[in-house]
Amino acid sequence: MSPAESRRPALARRLRALREERWPEAGITQAQLAHALGGSKPLSVSLISSWENADRPVAPPPRRLTAYATLFATRRSLSDGSVRVLPLDQLTDEERHRRAELLEELLWLRDGHERATEPETDVWRFPVDEDVTIVCAPLPPELRRNLTYADPESADFTSLYTYADPDALIELFGHIRSVNPENQVSFHTTEELTPDLYTTHLVLLGGVDWNTVTRDVIERVDLPVEQVVRDDEEPVTEPGGFRVRVAGEKKLFSPVLDSKGHLLEDVAHFYRDVSPFNQKRTVTVCNGMYGRGTLGAVRALTDKKFRDRNRAYLQERFGGIESFSIISRVPVVAGQGLTPDWTLAENRLHEWPEAG
């Protein structure tokens, strides 16, 4: 028997104790718990019973333990005789701390201390020895024309000046290299991709207007999000945006500009899925209508002030599913884009898959 398997009877007893002893006066039943953990698709009572059976323990998946930890982190989960899992953004700081401690305990009982020390999903951590390729669009020739550093004939030529979204590229390349020291991590423009690079883990920066690989990927997947290309003329008359399908209807989320054309709020799209070019690798798209939106999509999971809470939200909202998408606001203050906080409902404009 493995060490993890030997701990699972203790996990079963702990789950039963949470239900029966956390708030004994409430008398939470297995049926109530099944309904709370399953949401609109209640779990079966027999499944809850199997998780509490210390004689023949069945380990719940990590995303169910995350829901357990959220539910039992606050007495506010009980209201008017019902039991429910509160959204993460409704928890207080004290409740979040209690949730984190309980989740670490439950994950340790399930799989061991190694799993518990990093309970939240990190999308920027890849299996060892699997190559990662960051792909940017080349800066269009008309925008490079008067840039000496972007002219290959110039003695001052610097190749990075030929890349679109260099801020997002520098931020993300450094982060991925730091958390994947055993992996080959490289970056290229769409013009430089070889067939072998297409079959690595792909991280695509920028949208369908300039990044042709982003366009190729979006055309190959069943995603209810499409990018409406913005007008690059001055002043901007059509800001574009991300159009989504919700309940058979379409809705457009656009950036916000003032009367002088200054950007007040960008829109960012973060999308992760299995790569259409290699089913054993992933593709991740970080895209904004402007560069500050693309950087915001990147920094949501690299900025040390926000990445942990945003990772926790991903785990809470999507669990371990392979395909998900978030469109969020990126406020722009004094010309600088701010990192989006996904735990705030007002920052999340659209999520896919829709909450069940």
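Preceding this paragraph is the structure being described.
Quick notes on the rules
Residues numbered from 1 in each chain as written. Predicted model: local features only at pLDDT ≥ 70, side-chain atom pairs only at ≥ 80, totals over all residues. Heavy atoms only, no water. Salt bridge = Lys/Arg side-chain N within 4 Å of Asp/Glu carboxyl O. Helix = DSSP H or I, 4+ residues; strand = E, 2+ residues; numbered from the N terminus. Buried < 20%, exposed > 50% of the residue type's maximum accessible area, 1.4 Å probe, protein only. Contact = heavy atoms within 4.5 Å. Phe/Tyr/Trp six-rings, centres within 6.5 Å; stacked < 30°, edge-to-face > 60°. Patch = residues over 30% accessible without salt bridge, like charges linked within 9 Å, V, L, I, M, F, W, Y side chains within 5 Å. Areas by Shrake-Rupley, 256 points an atom, 1.4 Å probe, with all protein chains shown as cover. Disulfide = S-S within 2.5 Å. Axes fitted to C-alpha atoms, helices over the stretch in contact; angles between N-to-C directions. Parallel < 35°, antiparallel > 145°, perpendicular 65-115°, else oblique. Nonpolar A, V, L, I, M, F, W, Y, C, P; charged D, E, K, R; others polar. Core = buried A, V, L, I, M, F, W, Y, C linked by side-chain atoms within 4.5 Å. Expected span 1.5 Å × (residues − 1). Arc of directions from axis to C-beta.

Comments concerning the pattern of salt bridges
Then, in step 1: Summed over all chains, the structure comprises 22 salt bridges.
Then, in step 2: A salt bridge links R16 to E20, with the nearest nitrogen and oxygen atoms 3.0 Å apart. With a gap of four residues between them, R16 and E20 both fall in helix α1 (residues 3–21), about one helical turn apart.
Then, in step 3: Of the charged contacts in the structure, one is a salt bridge between R311 and D308, with a shortest N-O distance of 2.9 Å. Residue R311 and its partner D308 are both found in helix α12 (residues 307–318); the two are separated by three residues, about one turn of the helix.
Then, in step 4: Given a relative accessible area of 45%, D308 falls into the partly exposed group.

Things to note about the side chain of E52
Then, in step 1: Positionally, E52 belongs in the loop between α3 (45–51) and α4 (62–71).
Then, in step 2: Residue E52 is classed as buried on the basis of its relative accessible area, which comes to 7%.
Then, in step 3: Residues within four places of E52 in sequence aside, it is in contact with A12, L15, R16, R19, Q30 and L33.

Observations concerning the environment of S79
Then, in step 1: Position of S79 among the secondary structure elements: in strand β1 (residues 78–79).
Then, in step 2: The sequence separation of S79 and W124 amounts to 45 residues, and the corresponding C-alpha distance is 38 Å.

What to know about the side chain of T189
Then, in step 1: Its place among the elements puts T189 in strand β4 (residues 185–189).
Then, in step 2: Each residue touching T189, except ones within four places of it in the same chain, is listed here: V135, C136, P138 and Y163.

Brief notes about the packing of aromatic side chains
To describe a pair of aromatic rings, one takes the distance between the centres and the angle between the planes.
Then, in step 1: Under the counting rule described, the total for this entry stands at 10 aromatic pairs.
Then, in step 2: Residues Y163 and F187 carry aromatic rings whose centres are separated by 5.6 Å and whose planes lie at 75° to one another, so their mutual orientation is edge-to-face. Here Y163, found in the loop between α7 (141–144) and α8 (166–179), pairs with F187, found in strand β4; they are 24 residues apart in sequence, far enough to count as distant.
Then, in step 3: Through pairs of rings, three or more aromatic residues link up here, namely W124, F270, F318, F324 and W342.

Quick look at a nonpolar patch on the surface
Then, in step 1: Together, L147, Y149 and Y161 make up a nonpolar patch on the protein surface, roughly 270 Å² of accessible area in all.
Then, in step 2: As for its placement among the helices and strands, L147 is situated in the loop between α7 and α8.

Considerations on α4
Then, in step 1: Of all 10 residues in α4, nine are buried, a share of seventy percent or more.
Then, in step 2: Along α4, the positions that sit buried rather than exposed are P62, R64, L65, T66, A67, Y68, A69, T70 and L71.

Here's the deal with unusual backbone geometry
The phi angle of most residues is negative, glycine excepted, and most peptide bonds adopt the trans form.
Then, in step 1: With an omega dihedral of -5°, the bond running from W352 to P353 counts as a cis peptide bond.
Then, in step 2: Mapping P353 onto the fold places it in the segment after β14 (348–352).
Then, in step 3: With phi around 55°, D80 is a residue other than glycine that occupies positive phi space.
Then, in step 4: Positionally, D80 belongs in the loop between β1 and β2 (82–83).
Then, in step 5: Using a relative accessible area of 81% as the deciding quantity, one classes D80 as exposed.
Then, in step 6: With phi around 55°, D165 is a residue other than glycine that occupies positive phi space.
Then, in step 7: Take D165: it is sitting in the loop between α7 and α8.

A short note on the state of the cysteines
Then, in step 1: Applying the stated criterion across every chain, the model contains zero disulfides.
Then, in step 2: Considering cysteine sulfurs only, C136 is the nearest to C286, which forms no disulfide, with 10 Å between them.

Overview of the packing of helix α2 (residues 30–38) against α4
Then, in step 1: Where α2 contacts α4, the two axes come as close as 10 Å, and the packing angle between them is 110°. By the angle class used here, α2 and α4 are roughly perpendicular. Here L33, A36, L37 and G38 of α2 lie close against α4, whose contacting residues are R64, A67, Y68 and L71.
Then, in step 2: The residue makeup of the contact of α2 with α4, split by class, is six nonpolar, one polar and one charged.

So, the nonpolar core
Then, in step 1: The biggest cluster of nonpolar side chains holds 33 residues, and the ones touching the most others in it are W124, I176 and L205.
Then, in step 2: In contact with L205, not counting residues within four places along its chain, are I134, V135, C136, A137, D165, A168, L169, L172, N211, C286, T294 and V298.
Then, in step 3: Counting 25 residues, the second-largest nonpolar core is a separate cluster that includes W23, I48, A67 and V83.

Brief notes about α8
Then, in step 1: Taking 1.5 Å of rise per residue, the 14 residues of α8 would be expected to cover 20 Å, and the 20 Å separating its terminal C-alpha atoms lies within 8% of that figure.
Then, in step 2: A168, L169, L172, H175, I176 and V179 are the residues of α8 that are buried. The buried side chains of α8 occupy one side of the element, clustering within an arc of 150° when seen end-on. Residues of α8 that are exposed and point more than 90 degrees away from the buried face comprise D167 and I170.
Then, in step 3: Turning to α8, the residues buried within the fold contact β3 (132–136), β4, β5 (201–205), α11 (291–299) and α12.

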